[in-house]
There are 2 protein chains.
Amino acid sequence: MITASAQTRIFNFSSGPAVLPESVLEQIQDEIVCLPGVGSSILEISHRGSAFKPILEDARHRYRSVLKVPDDYEILFLQGGAILQNAMIPANLITSPHGTADYLVTGAWSKKSSQDVRFYGNLNVAWDGGSHNFDRLPQTGEIGLTPNAAYLHYTSNETIHGVQFASPPDSGDAPLVADMSSDILSRPVDVSRHGLIYACAQKNAGVAGLTVVVIRRDLLERSAGRLPTYMDYSKHAEAESMANTPPTFAIYVSGLISRWIEDEIGGLEKMDRINHDKAATLYKLIDSSDGFYCGHARPEVRSMMNVVFRTPSEELDKRFADEANDAGMSTLKGHRSLGGLRASIYNAMPVAGVEALAQFMNEFARKNG
Amino acid sequence: MITASAQTRIFNFSSGPAVLPESVLEQIQDEIVCLPGVGSSILEISHRGSAFKPILEDARHRYRSVLKVPDDYEILFLQGGAILQNAMIPANLITSPHGTADYLVTGAWSKKSSQDVRFYGNLNVAWDGGSHNFDRLPQTGEIGLTPNAAYLHYTSNETIHGVQFASPPDSGDAPLVADMSSDILSRPVDVSRHGLIYACAQKNAGVAGLTVVVIRRDLLERSAGRLPTYMDYSKHAEAESMANTPPTFAIYVSGLISRWIEDEIGGLEKMDRINHDKAATLYKLIDSSDGFYCGHARPEVRSMMNVVFRTPSEELDKRFADEANDAGMSTLKGHRSLGGLRASIYNAMPVAGVEALAQFMNEFARKNG
């Protein structure tokens with residue numbers, strides 16, 4: 001049941017925290033004062049009590065089933081976002097101060113990820129797209145792997161520059177580590193090609209305050225005993241994500257999102273097709289705008305999540321974002337570091353939102369072209 | 001507006017996550033699909049957008065005003081709970097591997113807090129209540145401070161053993177660090193006696209997934225440049241808690257809680273009086289039960305938040321918790337490490353809940369005494 005205020009919902013193109021499925025919001029609203037059969041809010045119940053246990057297990061089970069996570073991987077529900085992972089990953093996986101980790105620097109987020117490695121070992125930037133403003137991704141053969149590297153890290157989708165790997169890069173013998181913060185649950189993933197996948201939830205998988213880590217069990221042995229409790233993946237795995245009070249509400253929402261993907265959408269193949277179609281609508285419009293709109297990323301690496309583009313001038317970019325906002329389409333301004341415009345069209349952005357934006361873009365080009 | 005399911009709310013004595021004020025839950029329910037004037041849920045809006053900014057500022061401002069935080073202290077909204085603070089505190093405040101931190105071990109939580117110090121320096125247990133099962137607190141003169149200690153850490157309230165400091169211990173020249181996870185916002189605090197106060201929010205101050213840190217500004221200099229981004233208080237202070245995506249929903253709820261204390265309750269002095277009266281109801285009943293109920297903590301250090309007691313037998317403890325649950329009073333079983341019974345009566349536990357429990361206790365004693 002939706003209250004009157006729901007009538008005024010807009011199309012929210014925020015890059016994250018981002019739009020959620022309306023049916024999920026409705027269920028949260030229905031249950032927020034009293035979880036059915038519990039007599040308390042999800043916000044009020046003990047993480048160790050009988051009411052929360054099935055919620056945690058359902059979220060974990062749904063993640064495993066939606067993402068097809070093999071049995072030899074643990075699923076951890078943590079806090080601290082990707083920024084804490086930037087420290088936890090080298091802390092856990094580099095086992096000596098002389099060890100080296102390889103990073104693909106393909107945009108602002110992977111660059112940031114690479115910067116905390118130095119506290120735990122050596123950083124090797126195995127590819128750097130900075131010289132051409134992160135508009136492309138490495139080709140096979142361009143990646144300079146370190147022999148016996150602790151791991152290779154890549155960011156599957158860069159929200160600011162709008163580039164996305166179509167498939168995981170080759171890490172040789174080293175475990176492959178992926179930051180999937182902005183495209184987890186948006187398409188099928190071959191988890192078995194990875195040693196560790198992490199994602200903060202607030203783009204495709206829920207709300208801010210939850211970080212999901214999928215880690216191959218043998219990698220848990222690398223940290224044993226060397227790290228403070230919260231920093232140690234093996235302690236979280238041993239405690240089944242209850243080494244401390246987990247972010248209970250955020251886990252509950254992530255369970256609802258996974259259920260929405262499985263039961264309402266029909267799984268990740270279908271989700272992927274919908275996402276491709278949404279993105280194609282906008283990219284086709286950009287490509288057929290006679291140069292009025294210009295996409296940032298090269299066509300072959302374009303993101304299905306973040307469509308990054310610009311008009312012929314900064315002034316028109318600003319007018320575009322302002323007029324779109326007045327028309328009920330918010331947060332289309334590009335990231336402050338890159339300028340221009342950006343439409344984030346994660347899983348929960350309805351097709352109707354993309355169609356409304358496309359119509360607006362056509363009209364704006366006609367009026368200002 | 002409350003839906004029908006709200007009719008079935010129970011009295012929830014959980015030690016945390018714990019009961020929230022019903023008016024706060026109602027406001028969340030009203031706004032969860034659409035924040036007034038925004039057109040999106042609080043769960044969906046960018047942490048850097050114009051809708052969230054006033055929410056963050058309001059929460060910070062309310063905290064400062066309710067807790068009377070002096071101007072030379074920063075208020076940080078972090079993630080990872082007290083367990084991450086157990087590492088961040090020594091990491092930031094001990095400036096050399098030869099430095100020592102003093103800890104008062106007064107129950108399960110302060111013991112846990114002390115255990116991660118070894119990764120960053122030396123631990124000195126300045127007082128240990130373990131030998132008498134944590135039923136009392138140190139007297140003046142019993143605390144063995146280290147000269148030039150990096151800080152003295154204490155836990156103002158121990159939820160498992162039900163002991164609470166009436167006032168902060170004396171730390172000599174060292175900064176005093178307090179874990180107030182279970183009694184922040186329950187009573188006035190002299191912040192200026194502390195170098196650092198931290199609290200996870202899910203007992204008195206909101207929901208799981210938010211840790212509030214109040215830190216004296218000069219202490220921020222101790223970490224400069226030495227730590228990975230998320231571990232470094234100075235980086236969070238510099239970024240005004242936006243070094244990464246903060247837990248937006250949890251911050252919003254904490255703002256609502258602070259507003260409830262200021263505007264509905266009338267401030268911390270009144271909150272304290274209400275909490276004292278609630279606790280006194282139960283302790284008086286225990287003391288006048290002719291030994292049927294036995295409190296764990298010595299009377300002079302009893303907690304206003306967690307009333308820990310037992311009946312004459314484990315069998316009766318179990319029957320008590322089961323029958324209370326059937327009567328609409330949940331989670332009265334004691335912590336698994338101590339057994340017995342525990343009534344957590346944080347800020348949001350209504351007086352009616354305590355009265356219902358007192359009536360139940362009287363009847364239970366009469367029937368089984």
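See the structure above.
For clarity, every value in this text was computed on a predicted model and none was experimentally measured.

Caption draft 1: Representation of empty space enclosed by the protein in the model. Under the defined criterion, the tally for this structure stands at five cavities of 30 Å³ or more. Approximately 80 Å³ is the volume found for the largest cavity. For the largest cavity, the full set of lining residues is V207(A), A208(A), G209(A), P247(A), F249(A), A250(A), V207(B), A208(B), G209(B), P247(B), F249(B) and A250(B). Among the secondary structure elements, those contributing two or more residues to the lining of the largest cavity are α6 (248-265) of chain A together with α6 (248-265) of chain B. Residue classes in the lining of the largest cavity are distributed as 10 nonpolar, two polar and no charged.

Caption draft 2: Summary view of the environment of G266(B). Residue and element names in this part refer to chain B. With respect to the helices and strands, the residue G266 is situated in the loop between α6 and α7 (268-287). Residue classification places G266 among the partly exposed positions, given a relative accessible area of 39%. For the pair G266 and F52, spaced 214 residues apart in sequence, the C-alpha to C-alpha distance is 26 Å.

Caption draft 3: Just the interface of chain B and chain A, in detail. Residue-level contacts link 61 residues of chain B with 61 residues of chain A. With both sides pooled, the region where chain B packs onto chain A buries about 4800 Å², and carbon together with sulfur makes up 61% of that total. Looking only at chain B, the three residues that lose the most surface to chain A are V33(B), L43(B) and E44(B), adding up to 14% of its buried area. At the junction of chain B with chain A, the criterion picks out two salt bridges. The tally of links between chain B and chain A comes to 23 residue pairs in polar contact (both at pLDDT 80 or more).

Caption draft 4: How the structure looks around the sheet that holds strand β8 (residues 176-179) of chain A. Residues and elements named next belong to chain A. Here seven strands make up an open sheet; going across it, the order is β2-β10-β9-β8-β5-β3-β4 and the pairing mixed. Where the open sheet ends on each side, the last strands, each with one partner, are β2 (73-78) and β4 (122-128). Direction aside, the axes of adjacent strands within the sheet are offset by 20 degrees on average. Bridge analysis of strand β5 (residues 152-155) against β8 gives four bridges, and the strand direction is parallel. The partner of H153 across the bridge, within β8, is V177. Contacting β2, β3 (100-105), β8, β9 (196-200) and β10 (211-216), helix α3 (residues 81-93) crosses the sheet at an angle of about 160 degrees to β9.

Caption draft 5: Representation of the pattern of salt bridges in the model. Residue and element names in this part refer to chain A. Counted by the stated rule, this structure contains 28 salt bridges over all chains. With a shortest N-O distance of 3.5 Å, D58 and R62 are connected by a salt bridge. With D58 and R62 both in helix α2 (residues 52-67) and four residues apart, this pair spans about one turn of that helix. For D58, a relative accessible area of 23% gives the class partly exposed. Each of the salt bridges in this network shares a partner with another, and the network as a whole consists of D58, R62, E262 and D263.

Caption draft 6: Highlighting the packing of aromatic side chains. In total, this model carries 25 aromatic pairs over all chains according to the counting rule given. On the numbers, 6.1 Å between centres and 85 degrees between planes, the contact of Y293(A) with F320(A) is edge-to-face. You can see Y293(A) sitting in the loop between α7 (268-287) and β11 (294-295) and its partner F320(A) sitting in helix α8 (residues 314-326), a full 27 residues away along the chain. Comparing Y293(A) with F320(A) shows no difference in burial state: the two are buried. Look at Y103(B) and Y151(B): their rings are 5.7 Å apart centre to centre, the planes differ by 70 degrees, and that puts the pair in the edge-to-face class.

Caption draft 7: Structural detail: the sheet that holds strand β14 (residues 341-344) of chain A. Residues and elements named next belong to chain A. Taken together, three strands build an open sheet; the order of strands is β11-β12-β14 and the sheet is antiparallel. Looking along the sheet, the strands with just one partner apiece sit at the ends: β11 and β14. Where α7 meets the sheet, it contacts β11, β12 (306-310) and β14, and its direction lies at approximately 15 degrees from that of β12.

Caption draft 8: Representation of the side chain of E158(B) in the model. All names here are of chain B. Mapped onto the secondary structure, E158 falls in strand β6 (residues 157-158). Despite its burial, E158 pairs with no opposite charge; the closest candidate is R342, at 8.9 Å N-O. Separated by 3.2 Å, the side chain of E158 and the backbone nitrogen of G107 make a polar contact. Within the structure, the side chain of E158 is placed 3.4 Å from the backbone nitrogen of A108, a separation counted as a polar contact. If sequence neighbours within four positions are ignored, E158 has contacts with T106, G107, A108, W109, S110, V163 and N306.

Caption draft 9: The arrangement of the relation of the copies chain B and chain A in detail. You can overlay chain B on chain A at an RMSD of 0.0 Å; the transform is a turn of 180 degrees with a shift of 0.0 Å along its axis. When the rotation and shift are considered jointly, the pair of chain copies conforms to a two-fold rotation axis. Same-surface contact between copies: 100% of interface residues of chain B are shared with the interface of chain A.

Caption draft 10: Fine view of the pairing of β9(A). Residues and elements named next belong to chain A. For β9, a buried count of five out of five residues is recorded, marking the element as mostly surrounded by other parts of the structure. Judged by which residues are buried, β9 turns out to be covered on both faces: L196, Y198 and C200 on one side and I197 and A199 on the other are all buried. In this sheet, β9 lies alongside β8 in parallel orientation, the contact comprising three bridges. Along β9, the bridge assignment pairs A178 with I197. As judged from the five bridges shared by β9 and β10, these two strands associate in the antiparallel manner. Bridging from a neighbouring strand, L196 pairs with I215 of β10.

The rules behind the values
- Residues numbered from 1 in each chain as written.
- Chains lettered and ligands numbered in written order.
- Predicted model: local features only at pLDDT ≥ 70, side-chain atom pairs only at ≥ 80, totals over all residues.
- Heavy atoms only, no water.
- 1 Å grid on protein atoms, 1.4 Å probe; cavity = no way out; pocket = protein on both sides within 12 Å on 5 of 7 lines; lining within 4 Å.
- Points joined across faces, edges and corners; volume = space filled by probe spheres on them.
- Helix = DSSP H or I, 4+ residues; strand = E, 2+ residues; numbered from the N terminus.
- Nonpolar A, V, L, I, M, F, W, Y, C, P; charged D, E, K, R; others polar.
- Buried < 20%, exposed > 50% of the residue type's maximum accessible area, 1.4 Å probe, protein only.
- Contact = heavy atoms within 4.5 Å.
- Buried area = accessible area lost by both parts, 1.4 Å probe.
- Salt bridge = Lys/Arg side-chain N within 4 Å of Asp/Glu carboxyl O.
- Polar contact = N/O pair within 3.5 Å; in protein donor to acceptor, adjacent residues only side chain to side chain.
- Pairing = 2+ DSSP bridges.
- Axes fitted to C-alpha atoms, helices over the stretch in contact; angles between N-to-C directions.
- Phe/Tyr/Trp six-rings, centres within 6.5 Å; stacked < 30°, edge-to-face > 60°.
- Lys, Arg positive; Asp, Glu negative; His and termini not counted.
- Least-squares fit on C-alpha atoms with pLDDT ≥ 70 in both.

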